[in-house]
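Given next are the chains, with one letter for each unit.
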Amino acid sequence: MLELDNLSYRYPQATQPALQGIDLQLQAGQCLGLLGSNGAGKTTLLSLLSGVLQPQGGAIVWQGERRLGLVPQQLAFYAGLKVRENLELFADLYQLRGAERHQRLDRCIASTALADKLERRAERLSGGEQRRLNFAIGLLQPAELYLFDEATVGVDASSRQMLLEAVGLLTREGKAVIYTSHYLDEVEKVADRILLLHEGRVQLDIDKHQLLGDQPGLFLEWPEQPPDALPALLAELGLSAEHTSNGVRIATLNVDQLLAITRFIAAQPQTPSLLRFGRPSLEQLYLRLNGGQL
Ligand SMILES: Nc1ncnc2c1ncn2[C@@H]1O[C@H](COP(=O)(O)OP(=O)(O)OP(=O)(O)O)[C@@H](O)[C@H]1O
């Protein structure tokens, strides 16, 4: 539905481009998790897609009509208006009429749990409720591609869960989504593909399941250092491990090897600070990626 071809952008007076050589294809029904450290270029990319910025190099090619919904990082509603008035105003702007208008309003109010806040002036909402209003306004817009830029900052855990479900529903309905957040557990939940930006370039563009893998591994850490006898045990068991400053990661091991290691741990005077058996989380992989270890 959307193709980016060698896209680049440099802010006026900046010495380095904020984005360079970005190639990307996005399909309907896909949720792309956009990751990268502060300043990597995520917001710039979303601003180019939403038309806030114009590309200076390369092209953005839309297959079909360009219909876009945006939940921006900066709150974008009228603080002096009530929640209901804001939603009605944006429904007007989006030219929603009749049954569709009602349906979309009902759905975005339900998805963001704002039903009991409709008569409250937006400036009187709590920080998390303001985020939810911002989110609701983005969802209200009929679109084929939805962009979420740090859309859940300051939202409490149960409301966040609800917002993520609304994002999941969009992709199940065949909408494309680009979701950027520093909450990697959220990205892990909603995204099916991960795009990592580093200094304005694509560092990694990969299917989420391929990135996380399905092989469970063992992750062990101690408060200071692993026990001195650990390397000998691993050698005896024929296991290869990746060593970190205070622990090890063992990518594959069988049940007997796992049992031998747990027996060894139980016999040590110091207990581990982390013992995790399973797939690595996106957060663990991200830290390794950013540390240049992957
Ligand atoms: N208005 C601006 N003028 C000049 N440089 C800018 C401007 N906005 C962003 N930049 C620079 O462009 C680069 C990319 O910034 P961008 O905001 O896209 O990063 P980001 O990945 O969204 O970061 P964050 O995670 O902090 O939101 C950074 O080096 C940033 O300093």
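Residues numbered from 1 in each chain as written. Predicted model: local features only at pLDDT ≥ 70, side-chain atom pairs only at ≥ 80, totals over all residues.

As annotated in an unreviewed UniProt entry, the protein is ABC-2 type transport system ATP-binding protein from Phytopseudomonas punonensis.

**Student:** Honestly, the overall build of the protein in this entry has me stumped. Any pointers?
**Tutor:** A count of helical and extended segments in the protein gives ten helices and 13 strands. In terms of its C-alpha atoms, the protein occupies a principal-axis envelope of roughly 70 × 45 × 35 Å. Out of the 294 residues belonging to the protein, those deemed buried represent 33%. (Helix = DSSP H or I, 4+ residues; strand = E, 2+ residues; numbered from the N terminus. Buried ≥ 20, exposed ≤ 12 C-beta atoms within 10 Å, placed from the backbone.)

**Student:** Explain the UniProt feature "domain: ABC transporter" (unreviewed entry) in the protein here, please?
**Tutor:** This chain's UniProt record puts "domain: ABC transporter" (unreviewed entry) on residues 2–224. The annotated region residues 2–224 carries 34% helix and 26% strand content, and the separation between its end C-alpha atoms amounts to 49 Å. (UniProt positions renumbered as here; feature names shortened; annotations may be inferred.)

**Student:** What exactly am I supposed to notice about the packing of helix H3 (residues 98–111) against helix H4 (residues 127–140) here?
**Tutor:** Any two packed helices are characterised by how steeply their axes cross, that is the angle between the axes, and by the distance between the axes. It is the contact of H3 with H4, at a shortest axis distance of 9 Å, that shows an interaxial angle of 150°. Crossing geometry of H3 relative to H4 is assigned as right-handed. When H3 is examined against H4, the residues Arg104, Leu105, Cys108, Ile109 and Ser111 are found in contact with a partner set consisting of Ala136, Leu139 and Leu140. Its residues assigned to classes, the contact of H3 with H4 comprises six nonpolar, one polar and one charged. (Axes fitted to C-alpha atoms, helices over the stretch in contact; angles between N-to-C directions. Left-handed = near helix turned anticlockwise from the far one by under 90°. Contact = placed C-beta atoms within 7 Å. Nonpolar A, V, L, I, M, F, W, Y, C, P; charged D, E, K, R; others polar.)

**Student:** Whenever I open this one, the nonpolar core confuses me. Can you help?
**Tutor:** Generally speaking, a soluble globular protein has its nonpolar side chains buried in company with each other. Counting 61 residues, the largest nonpolar core has Leu32, Ala136, Leu147, Val177 and Tyr179 as its most contacted members. If you tally residues by element for this core, the top one is H4, at six residues. Here Ala136 is in contact with Leu87, Cys108, Ile109, Thr112 and Leu114, once residues within four sequence places are set aside. The next biggest cluster of nonpolar side chains, apart from the first, holds eight residues, and it includes Leu220, Leu230, Ala241 and Val248. (Core = buried A, V, L, I, M, F, W, Y, C linked by C-beta atoms within 7 Å.)

**Student:** So what exactly am I meant to see when it comes to the site of the ligand here?
**Tutor:** Every residue close to the ligand is listed here: Tyr11, Ala14, Ala18, Gly36, Asn38, Gly39, Ala40, Gly41, Lys42, Thr43 and Thr44. Residue composition of the shell around the ligand, by class: four nonpolar, six polar and one charged. (Near = placed C-beta within 6 Å.)

**Student:** What am I meant to see in the domain arrangement of the protein here?
**Tutor:** Interfaces are often sized by the accessible area lost when the parts come together. For the protein, the assigned domains read domain 1 (2–211) and domain 2 (215–278). Taking the mean C-alpha position of each, domain 1 and domain 2 sit 41 Å from one another. (Domains from an automatic or database assignment.)

**Student:** Before we go on, may I ask you to explain the sheet that holds strand S10 (residues 217–221) in this structure?
**Tutor:** One key point about sheets: their strands pair by backbone hydrogen bonds, in either a parallel or an antiparallel sense. In spatial order, the strands read S11-S12-S10-S13; together these four strands make up an open sheet with antiparallel pairing. Edge positions in the open sheet fall to strand S11 (242–243) and strand S13 (274–278), since each of these has one partner strand only. Both S11 and strand S12 (residues 247–250) contribute to a ladder of two bridges, which runs antiparallel. Across the sheet, the residue bridging to His243 is Val248, located in S12. (Pairing = 2+ DSSP bridges.)

**Student:** Help me understand the environment of Glu173, please; the structure alone is not making it clear to me.
**Tutor:** If you trace the backbone, Glu173 turns up in the loop between helix H5 (157–172) and strand S7 (176–180). A sequence separation of 29 residues divides Glu173 from Glu144, and the C-alpha atoms of the two residues are 9.8 Å apart.

**Student:** Help me understand the sheet that holds strand S1 (residues 2–9) in this model?
**Tutor:** Strand order in the open sheet formed by three strands is S2-S1-S4, with antiparallel pairing between adjacent strands. The outermost strands of the open sheet, each flanked by one partner alone, are strand S2 (19–26) and strand S4 (57–62). The sheet shows a mean angle of 15° between the axes of neighbouring strands, taken without regard to direction.

**Student:** When you look at the confidence of the model for the protein in this model, what are you seeing that I'm missing?
**Tutor:** The predicted structure's coordinates, where accompanied by low pLDDT, should not be read in detail. Overall, the predicted model of the protein reaches an average pLDDT of 92, with 98% of residues at or above 70. Within the protein, helix H2 (residues 83–93) carries the highest mean pLDDT (98), whereas helix H10 (residues 282–290) carries the lowest (79). Scoring of the predicted complex yields 0.85 for pTM and 0.97 for ipTM. (pLDDT = per-residue confidence, 0-100.)

**Student:** It is not clear to me how helix H1 (residues 42–50) should be interpreted in this structure. Could you clarify?
**Tutor:** Helical periodicity: at 3.6 residues per turn, an α-helix aligns residues three or four positions apart in one direction. The element H1 is extensively covered by neighbouring structure, given that eight of its nine residues are classed as buried. Within the span of H1, buried status applies to Lys42, Thr43, Thr44, Leu45, Leu46, Ser47, Leu48 and Leu49. In the segment just after H1, Gly51 is the residue with positive phi, at about 90°.

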